[in-house]
Amino acid sequence: GAVVSQHPSWVICKSGTSVKIECRSLDFQATTMFWYRQFPKQSLMLMATSNEGSKATYEQGVEKDKFLINHASLTLSTLTVTSAHPEDSSFYICSASATSVLRETQYFGPGTRLLVL
Amino acid sequence: GQQLNQSPQSMFIQEGEDVSMNCTSSSIFNTWLWYKQDPGEGPVLLIALYKAGELTSNGRLTAQFGITRKDSFLNISASIPSDVGIYFCAGRETSGSRLTFGEGTQLTVNP
């Protein structure tokens, strides 16, 4: 159990276009999902916390108009990178929070590699 | 944001050896999680710890939640080549709060 999927697994796009990444919890409901960004040989950097039915909470320095997050259901959150530029190229990973008997655990998706040309 | 102090940064060992890595924090955590990340993949949960002093095993992996609630260690016994990867610790201060990640330990296992 506790499987999280991401789609697409990789994407190449032209500068100025928008890219949407989907994150789904396949076998559990997640009221909270998280979006991370990871650069090579570095740890995960939290971008935003996505709560079902409400606005996402963005970390300091992350542009909310640049990285649009929608969490319309308990199993789906989307991240849209608007007007992507080469510096947005990175590995984007989502996670979903699962709570059982007051124990909260985060399960990660497989990641999406974005390359902006 | 806050970072955990994870050590060592990298390890090069021979197959069959035991491995130990740890994380320390200036804050008290109520949850410690250990993940492994392979290249180009998302982190995979190895062990979750929720109580100070808790010692939990998952196959050849053993992790403990420190008594002070400010540290945790992960041991891997009898390492094999597929143990290669980056291991991350992550901690949570309170329920519902974000995870804080360590910088990772890159493990290399020589056959």
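These numbers were taken from a predicted model, which means no experiment stands behind them.

Rules and cut-offs
- Along each chain, residue indices are assigned from 1 in the same order as the chain's sequence is written.
- Here the convention is simple: chains get letters from A, ligands get numbers from 1, in the order in which they are written.
- A pLDDT threshold of at least 70 governs which residues receive local features in this predicted model, and a stricter bar of 80 or more applies before side-chain atom pairs are shown or counted, although totals over entire chains, interfaces and linings include all residues.
- Excluding hydrogens and water, the side-chain figures rest on all heavy atoms present in the structure.
- The helix and strand labels rest on DSSP assignments: H or I over at least four residues marks a helix, E over at least two residues marks a strand, and numbering proceeds from the N terminus.
- A simple rule labels every residue: compare its accessible area, found with a 1.4 Å probe on the protein chains alone, to the largest value its type can have, and call it buried under 20%, exposed over 50%, or partly exposed in between.
- Positive charges come from Lys and Arg, negative ones from Asp and Glu, while His and the chain ends are left out of the count.
- By convention, the point assigned to a charge is CZ for Arg, NZ for Lys, CD for Glu and CG for Asp.
- We call two strands paired when DSSP finds no fewer than two bridges between them.
- Fitting a line to C-alpha atoms yields each axis, with helices limited to the stretch in contact; the angle taken between N-to-C directions then spans 0 to 180 degrees.
- The contact rule is simple, with two residues in contact once any of their heavy atoms fall within 4.5 Å.
- Here the quantity called buried area is the accessible surface, traced with a 1.4 Å probe, that two parts lose on coming together, added over both.
- Between Lys or Arg on one side and Asp or Glu on the other, a salt bridge is scored when a side-chain nitrogen of the former is within 4 Å of a carboxyl oxygen of the latter.
- Polar contact is defined as a pair of N or O atoms within 3.5 Å, subject to the rule that within protein one atom must be able to donate a hydrogen and the other to accept it, and that residues adjacent in sequence are counted only when both atoms are side-chain atoms.
- Three residue categories are used. Nonpolar comprises Ala, Val, Leu, Ile, Met, Phe, Trp, Tyr, Cys and Pro, charged comprises Asp, Glu, Lys and Arg, and polar comprises the others, including Gly.
- By disulfide we mean two sulfur atoms from cysteines, separated by a distance within 2.5 Å.
- A residue's pLDDT is simply how confident the predictor is in it, with values from 0 to 100.

1. Remarks on the overall build of chain A
Right, on to step 1. Per the secondary structure count, chain A includes zero helices and eleven strands.
Right, on to step 2. Counting helices and strands in the order they occur from the N terminus, chain A gives β-β-β-β-β-β-β-β-β-β-β.
Right, on to step 3. Within the span of chain A, comprising 117 residues, buried residues form 51% of the whole.
Right, on to step 4. Within chain A, the 9 negative side-chain charges are centred at a point lying 5 Å from the centre of the 10 positive side-chain charges.

2. Quick word on the sheet that holds strand β8 (residues 76–81) of chain A
Residue and element names in this part refer to chain A.
Right, on to step 1. Strand order in the open sheet formed by four strands is β1-β3-β8-β7, with antiparallel pairing between adjacent strands. Edge positions in the sheet fall to β1 (4–7) and β7 (67–73), since each of these pairs with one other strand and no more. Mean inter-strand twist for the sheet, computed between neighbouring axes without regard to direction, equals 15 degrees.
Right, on to step 2. Looking at chain direction, strand β3 (residues 19–25) and β8 are connected through six bridges and run antiparallel. Bridging from a neighbouring strand, valine 19 pairs with valine 81 of β8.

3. Quick look at the interface of chain A and chain B
Right, on to step 1. Residue-level contacts link 19 residues of chain A with 20 residues of chain B.
Right, on to step 2. Across the chain A to chain B interface the summed buried area is about 1600 Å²; carbon plus sulfur atoms make up 53%.
Right, on to step 3. In this structure, the connection of chain A to chain B is made through one salt bridge.
Right, on to step 4. Our count for the chain A to chain B interface comes out at six residue pairs in polar contact (both at pLDDT 80 or more).
Right, on to step 5. Elements with a minimum of two residues in the side of chain A that touches chain B: β4 (32–38), β9 (90–100) and β10 (103–108) of chain A.
Right, on to step 6. A total of six residues in the side of chain A that touches chain B trace back to one element, the largest contributor, which is β10(A).
Right, on to step 7. A per-class count over the side of chain A that touches chain B returns eight nonpolar, seven polar and four charged.

4. Quick look at the state of the cysteines
Right, on to step 1. Tallied over the entire structure, the rule returns two disulfides over all chains.
Right, on to step 2. The partner cysteine of Cys23(A) in its disulfide is Cys94(A), sulfur to sulfur 2.0 Å. Given an S-S torsion of about 80 degrees, the disulfide between Cys23(A) and Cys94(A) has right-handed geometry. Taken together, the residues span a long stretch of sequence, with Cys23(A) in strand β3 and Cys94(A) in strand β9 at a distance of 71 residues. Both residues of the pair, Cys23(A) and Cys94(A), belong to the buried class.
Right, on to step 3. With a sulfur-sulfur separation of 1.8 Å, Cys23(B) is cross-linked through a disulfide to Cys89(B). Because the sign of the S-S torsion sets the handedness, a value of about -95 degrees for the bond joining Cys23(B) and Cys89(B) places this disulfide among the left-handed ones. Placement of Cys23(B) in strand β3 (residues 19–24) and of Cys89(B) in strand β9 (residues 85–92) is noted, with a sequence separation of 66 residues between them.
Right, on to step 4. Taking relative accessible area as the criterion, Cys89(B) reaches 0% and is therefore assigned buried.
Right, on to step 5. There is no disulfide at Cys13(A), and the cysteine sulfur nearest it, in Cys94(A), is 18 Å away.

5. Looking at the side chain of Thr105(A)
Right, on to step 1. One can find Thr105(A) in strand β10.
Right, on to step 2. Every residue in contact with Thr105(A), bar those within four places of it in the chain, is listed here: Ala96(A), Ser97(A), Ala98(A), Leu33(B), Leu45(B), Ala48(B) and Tyr50(B).

6. Some remarks on the confidence of the model for chain A
Right, on to step 1. Within chain A, residue pLDDT values average 92, and 97% of them lie at 70 or more.
Right, on to step 2. Mean pLDDT values for the elements of chain A range from 86 in β10(A) up to 97 in strand β11 (residues 112–116) of chain A.

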